[in-house]
Amino acid sequence: SASVEGITARLCESEATARTAFEQGEPAVMIDPAGESVSAFRPDVLVDAMLAKRNLGTQISDAPLVIALGPGFTAGVDCHCVVETMRGHTLGRCIYTGSALPNTGVPGELGGKSAERVVRAPVTGMVKHLRHIGAKVSKGEILFLVGDTPVPSPLDGILRGLIADGMEVTAGLKCADVDPRPAHTVNWHSISDKARSLGGAVLEACL
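Remember, it's a predicted structure, so these values are computed and weren't measured experimentally.

**Comments concerning the overall build of the chain**
Inference 1: In terms of regular secondary structure, the chain is built from 3 helices and 17 strands.
Inference 2: The C-alpha radius of gyration of the chain comes to 19 Å, within 12% of the 17 Å expected for a compact globule of 207 residues.
Inference 3: Each principal axis of the C-alpha distribution contributes one length, and for the chain these read about 50 × 40 × 35 Å.
Inference 4: Burial status across the chain gives 30% buried among its 207 residues.

Below you can see the structure in the form of structure tokens.
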């Protein structure tokens, strides 16, 4: 289990253990790449929050209400509502006709840094952590290994995002995020302003 801002979610291996978690008021997390649990649970609302920048198979018929985040979806075609994920004036807007803004491939700017704050895997292999989320790091400091290949920090800052230890990654995959802003301004203990906006937009669409 893991807790974020007072909400505890529990990893569940079966439909039965997931239903038990529901009864205890805990969100159930299931590893389900094929989405087989959708037909088992028959949810009233299905939210595609993979942020894959494209539709990987979600259909408007998957649930009475289907909500999708970001580009790759068209409201009224493969979902009922699209939530805008691009930072800026329209972030978190619920779109009921049409699509979200197209993916630019450029991360949002933090502390004057954009693409340069994102750390990508240089090779294919398994991740081994050397630093943890929330650590203050320096430019050139080794953050983690991919196989035997060290991956350095691109700049000074706070390690705000980091892919799970032991993950198998492909070369070029985004694996970490270094926030260059002053340490006292970086709140890595809670969800980000963007994530909170998107969650609120999903709730709005549900209501």
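Now that the structure has been shown, the text picks up again.
**Focus: the pattern of salt bridges**
Inference 1: Evaluated as defined, the whole model comprises 9 salt bridges.
Inference 2: The shortest N-O distance in the salt bridge between E141 and R131 comes to 2.1 Å. With E141 in the loop between β12 (136–137) and β13 (142–146) and R131 in the loop between β11 (125–129) and β12, this residue pair connects regions lying 10 residues apart in the sequence.
Inference 3: For E141, a relative accessible area of 26% puts it in the partly exposed group.

**Quick notes on the sheet that holds strand β5 (residues 65–69)**
Inference 1: Strand order in this open sheet of 4 strands is β4-β5-β7-β8, and the pairing throughout is mixed. The open sheet has two free edges, formed respectively by β4 (45–48) and β8 (94–95), since each of these has just one partner strand.
Inference 2: With 2 bridges connecting them, strand β7 (residues 81–83) and β8 associate as antiparallel partners. The residue bridging V83 from the neighbouring strand is C94, located in β8.
Inference 3: Across the face of the sheet, helix α3 (residues 193–206) comes into contact with β4, β5, β7 and β8 while running at roughly 160 degrees to β5.

**A closer look at unusual backbone geometry**
Inference 1: Although it is not a glycine, R42 sits at a positive phi angle of roughly 45 degrees.
Inference 2: Mapped onto the fold, R42 is located in the loop between α2 (36–41) and β4.
Inference 3: Its identity as a non-glycine residue notwithstanding, K53 has a phi of 70 degrees, on the positive side.
Inference 4: Tracing the chain through its elements places K53 in the loop between β4 and β5.
Inference 5: Judged by its relative accessible area of 42%, K53 is partly exposed.

**Let's talk about the sheet that holds strand β10 (residues 118–120)**
Inference 1: Taken in spatial order, the 4 strands of this open sheet run β10-β17-β15-β12, and their pairing is antiparallel. Two strands bound the open sheet, and with one partner strand each, they are β10 and β12.
Inference 2: With 4 bridges connecting them, strand β15 (residues 157–162) and strand β17 (residues 174–179) associate as antiparallel partners. Each residue of the ladder has a partner; that of I158, found in β17, is D179.

**Observations regarding the state of the cysteines**
Inference 1: Summed over the entire model, instances satisfying the criterion amount to 0 disulfides.
Inference 2: The thiol sulfur of C79 is not disulfide-bonded, and the nearest other cysteine sulfur, from C81, lies at 7.0 Å.
Inference 3: For C79, a relative accessible area of 0% corresponds to the buried category.

Cut-offs and rules
Residues numbered from 1 in each chain as written. Predicted model: local features only at pLDDT ≥ 70, side-chain atom pairs only at ≥ 80, totals over all residues. Heavy atoms only, no water. Helix = DSSP H or I, 4+ residues; strand = E, 2+ residues; numbered from the N terminus. Rg over C-alpha atoms; globule rule 2.2 N^0.38 Å. Buried < 20%, exposed > 50% of the residue type's maximum accessible area, 1.4 Å probe, protein only. Salt bridge = Lys/Arg side-chain N within 4 Å of Asp/Glu carboxyl O. Pairing = 2+ DSSP bridges. Contact = heavy atoms within 4.5 Å. Axes fitted to C-alpha atoms, helices over the stretch in contact; angles between N-to-C directions. Disulfide = S-S within 2.5 Å.

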